[in-house]
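# A structural walkthrough
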Amino acid sequence: AQSVSQHNHHVILSEAASLELGCNYSYGGTVNLFWYVQYPGQHLQLLLKYFSGDPLVKGIKGFEAEFIKSKFSFNLRKPSVQWSDTAEYFCAVIPNTNAGKSTFGDGTTLTVKP
Amino acid sequence: DTGVSQNPRHKITKRGQNVTFRCDPISEHNRLYWYRQTLGQGPEFLTYFQNEAQLEKSRLLSDRFSAERPKGSFSTLEIQRTEQGDSAMYLCASSLVRGGVADTQYFGPGTRLTVL
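Residues numbered from 1 in each chain as written. Chains lettered and ligands numbered in written order. Predicted model: local features only at pLDDT ≥ 70, side-chain atom pairs only at ≥ 80, totals over all residues. Heavy atoms only, no water.

### Brief notes about the environment of A:Leu76
All names here are of chain A. With respect to the secondary-structure elements, leucine 76 resides in strand β9 (residues 73–78). Separated by 19 residues in sequence, leucine 76 and valine 57 place their C-alpha atoms 9.6 Å apart. The contacts of leucine 76, once residues within four sequence positions are left out, are Leu19, Glu20, Leu21, Trp35, Leu47, Leu48, Phe63, Glu64, Ala65 and Tyr89. (Helix = DSSP H or I, 4+ residues; strand = E, 2+ residues; numbered from the N terminus. Contact = heavy atoms within 4.5 Å.)

### A short note on the interface of chain B and chain A
Quite often, the size of an interface is put as the accessible area lost when its parts meet. With 22 residues of chain B at the interface, the matching set in chain A holds 19 residues. Summing both partners gives a buried area of about 1700 Å² for chain B against chain A, and 53% of it is carried by carbon and sulfur. Where chain B touches chain A, the interface holds zero salt bridges. Between chain B and chain A we count six residue pairs in polar contact (both at pLDDT 80 or more) in total. Those elements giving two or more residues to the side of chain B that touches chain A turn out to be β4 (31–37) and β5 (44–50) of chain B. Per-element accounting of the side of chain B that touches chain A gives the leading share, four residues, to β4(B). (Buried area = accessible area lost by both parts, 1.4 Å probe. Salt bridge = Lys/Arg side-chain N within 4 Å of Asp/Glu carboxyl O. Polar contact = N/O pair within 3.5 Å; in protein donor to acceptor, adjacent residues only side chain to side chain.)

### Focus: the state of the cysteines
The bond known as a disulfide is covalent and runs between the sulfur atoms of two cysteines. Residue and element names in this part refer to chain B. On inspection of all chains with the given rule, the structure shows two disulfides over all chains. Disulfide pairing places cysteine 23 opposite cysteine 92 at an S-S distance of 1.8 Å. Its S-S torsion of approximately -70° makes the covalent link between cysteine 23 and cysteine 92 left-handed. Of this pair, cysteine 23 sits in strand β3 (residues 19–24) while cysteine 92 sits in strand β9 (residues 88–95), and the two are 69 residues apart along the sequence. Cysteine 92 shares its class with cysteine 23; the two are buried. (Disulfide = S-S within 2.5 Å. Buried < 20%, exposed > 50% of the residue type's maximum accessible area, 1.4 Å probe, protein only.)

### Some points on the environment of A:Asn75
Residues and elements named next belong to chain A. With respect to the element layout, asparagine 75 can be found in strand β9. If we skip the residues at most four places from it in the chain, asparagine 75 touches Glu20, Leu21, Gly22, Cys23, Trp35, Glu64, Ala65 and Glu66. A polar side-chain atom of asparagine 75 sits 3.2 Å from a polar atom in the side chain of glutamate 20.

### Some remarks on unusual backbone geometry
Residues and elements named next belong to chain B. Here the amide bond leading from asparagine 7 into proline 8 is cis, since omega sits at -10°, within 30 degrees of zero. As for its placement among the helices and strands, proline 8 is situated in the loop between β1 (5–7) and β2 (10–13). Residue arginine 81 is not a glycine yet carries a positive backbone phi of 50°.

### Overview of the sheet that holds β3(B)
Across a sheet, strands are paired by hydrogen bonds formed along the backbone, either parallel or antiparallel in direction. Residues and elements named next belong to chain B. The four strands lie next to each other as β1-β3-β8-β7, forming an open sheet whose pairing is antiparallel. The strands lining the two open edges of the sheet, one partner per strand, are β1 and β7 (65–68). Across the sheet, the mean angle from the axis of one strand to that of its neighbour is 15°, orientation sign disregarded. Two elements, β7 and strand β8 (residues 75–79), share four bridges in a ladder whose sense is antiparallel. When the sheet's bridge partners are listed, alanine 67 is paired in β8 with leucine 77. (Pairing = 2+ DSSP bridges. Axes fitted to C-alpha atoms, helices over the stretch in contact; angles between N-to-C directions.)

### Details of the pairing of strand β6 (residues 53–57) of chain B
Residues and elements named next belong to chain B. Bridge count between β5 and β6: four bridges; the pairing is antiparallel. Across the sheet, residue tyrosine 48 finds its bridge partner in β6, namely glutamate 56. Counted along the chain from β5 to the antiparallel partner β6, the turn is two residues long, and its residue asparagine 51 has a positive phi close to 55°.

### Digging into the layout of surface pockets
Taken as a whole, the largest pocket holds about 450 Å³ of empty space. Every element with two or more residues in the lining of the largest pocket is listed here: β10 (87–95) and β12 (108–113) of chain A together with β9 of chain B. Ranked by the residues each element gives to the lining of the largest pocket, the list is headed by β9(B), at three residues. For the lining of the largest pocket, a count of residues per class yields nine nonpolar, 12 polar and three charged. Here the second largest pocket defines a volume of roughly 360 Å³. Broken down by secondary-structure element, the contributors of at least two residues to the lining of the second largest pocket are β1 (3–5) and β11 (103–104) of chain A together with β5 of chain B. Taken together, the residues of the lining of the second largest pocket sort by class into six nonpolar, seven polar and four charged. (1 Å grid on protein atoms, 1.4 Å probe; cavity = no way out; pocket = protein on both sides within 12 Å on 5 of 7 lines; lining within 4 Å. Points joined across faces, edges and corners; volume = space filled by probe spheres on them. Nonpolar A, V, L, I, M, F, W, Y, C, P; charged D, E, K, R; others polar.)

By themselves, these are just geometric observations and shouldn't be taken as functional.
Shown next as structure tokens:
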């Protein structure tokens, strides 16, 4: 069974600081990887996804993530955060062999101070 | 709004009662998923449908939980004989899947269940 680990439970940054949120997964086969964001009072929504090809993927609002297969990691980055990035961020994994069953990490709460 | 909708948004019930939640997916989506989320944790997979067929259920889904998607459109999740441990946010998501390849799941706002 797959699992997802997000090491940082709560991150506090000042505006313009750089962000990196860690995500490691455990699964022996090929996976598809996602980062979702949940802004206060809103639904979960997709930030970015990786299926294949270039391991550096770009998403909305200036976010990007890099898939490093050898490290089973899919870390999320943003060079300069804004107050509006305050939200909860979830990493998710779907194995290629079972496209229905996704596994989410426990999330990282990001607070950006103005 | 053509996104995923869920009703009710909040449900308070007494222990032992049955509750039913409804999810309306994005109309052209053929897959529908149910998750449960408790405070401080990510969404936890419960079950999913491809059209009207329920293809997988989590081992965590006890026999008190049942889900249906009778016509391949909306879905219901019923919890019988609710327990306080069932208190959680129940999330629904849908996606359009071709050839079995995973794609983006679009989430609804969730139904928050409180069992007293």
